[in-house]
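The primary structure of each chain is shown beneath.
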Amino acid sequence: MTTHTLLQKRLWALNVGLVWAAVAAPLGAQGLPDIRRADAQVRRVDTTDRVLVRYKDADAARAPDEAHLRHARAAGTQSGLTLSHHRRMGNGTDVFQISRKLGTRDMRALMDEMKRQDAAIDSIEPDVRVYAMATRAADPDQWRQWALWDYAGIWAINAWNYSRGTSSVVAVLDSGVLPHPDLQANLLPGYDFIGNLVNTQDGDGRDADASDPGDWAEAGRCDASAGASSSSWHGTHVAGIIAAAGYNGLGVTGI
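Residues numbered from 1 in each chain as written. Predicted model: local features only at pLDDT ≥ 70, side-chain atom pairs only at ≥ 80, totals over all residues. Heavy atoms only, no water.

Caption draft 1: Structural detail: the overall build of the protein. Scanning the protein from N- to C-terminus turns up 6 helices and 6 strands. Across the protein, helices and strands are ordered from the amino to the carboxyl terminus as α-β-β-α-β-β-α-β-β-α-α-α. Per element, the accessible surface of the protein, about 16900 Å² overall, is 55% carbon and sulfur. (Helix = DSSP H or I, 4+ residues; strand = E, 2+ residues; numbered from the N terminus. Areas by Shrake-Rupley, 256 points an atom, 1.4 Å probe, with all protein chains shown as cover.)

Dropping the structure here:
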């Protein structure tokens, strides 16, 4: 590969990175998925004028048989209501329109009557609006964690619907950890495995202190031309991604 071609590729990579940052940063603050379960109870909707019916012989390509419609109308008449077929959805479920809105008890009575009239009903439920059981997360830097929900990331928001990782223990083999207030509640005792005093920054060998002494370097440490570098605190960064306390109004949210 020529030097010119290599330079072109590096510039292309740099430009892609800059474009990604320009697109991802604004969307992060505005389009962040809601991930914290709300403290309030789920909002209930106790009235509706539609019912969803799934027949055992449902076929999305055609309307329900006349026999099904006749049974539905009969169930409505028996309940003092008028039922009409509204539409068949793409998954084969039928939507029936009711002549008036029903509360929970009356809807249950109608559905029971519809099932009594037509044994071919596989499932039946009220057509009610559902509401998200979450509110915007309170951790101020969570929007920066694109790797948790961006399409190039791990979509943690979907996993959190099934588990929040309670009681999980993760061993982080890294540069150590600092007692960050967003992390302290979830830290377990660790260990320093570096025995070579030349490589350690804390002046001692192996011990039960997993504190990160920093990985800074003085100028010329690696070679005569190398400049000084600050500590990365990488272990704390990784531990925070895994186990930072969530929804406490501080820092980030751990996976």
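Caption draft 2: Looking closely at the nonpolar core. If you look at the biggest cluster of nonpolar residues, it comprises 17 residues, and the most contacted ones within it are Val51, Val53, Ile98 and Met114. A per-element tally of this core places helix 3 (residues 104-117) first, with 4 residues. Apart from residues no more than four positions distant in its own chain, methionine 114 is found in contact with Val51, Val53, Ala72, Ala75, Leu83, Ile121 and Ile124. (Core = buried A, V, L, I, M, F, W, Y, C linked by side-chain atoms within 4.5 Å. Buried < 20%, exposed > 50% of the residue type's maximum accessible area, 1.4 Å probe, protein only. Contact = heavy atoms within 4.5 Å.)

Caption draft 3: Geometry of helix 3. Here helix 3 contains 14 residues, and its C-alpha end-to-end distance of 20 Å stays within 8% of the 20 Å for a straight helix at 1.5 Å per residue. Within helix 3, the full set of buried residues consists of Met107, Leu110, Met111, Glu113 and Met114. Down the axis of helix 3, the buried side of the element spans an arc of 160°, and every buried residue falls inside it. Across helix 3 from its buried face, at more than 90 degrees, point the exposed residues Arg105 and Arg116. The inward-facing, buried residues of helix 3 abut strand 2 (48-55), helix 2 (66-78), strand 3 (83-88), strand 4 (94-102) and strand 5 (121-126). (Expected span 1.5 Å × (residues − 1). Arc of directions from axis to C-beta.)

Caption draft 4: Up close: the environment of glutamine 97. Locating glutamine 97 in the fold gives a position in strand 4. Separated by 30 residues in the primary sequence, glutamine 97 and aspartate 127 place their C-alpha atoms 9.7 Å from one another. Ignoring any residue separated from it by four or fewer positions in sequence, one finds glutamine 97 in contact with Asp49, Arg50, Thr82, Leu83, Ser84 and His86. Among the polar contacts made by the side chain of glutamine 97, one reaches the main-chain carbonyl oxygen of aspartate 49 at a distance of 3.2 Å. (Polar contact = N/O pair within 3.5 Å; in protein donor to acceptor, adjacent residues only side chain to side chain.)

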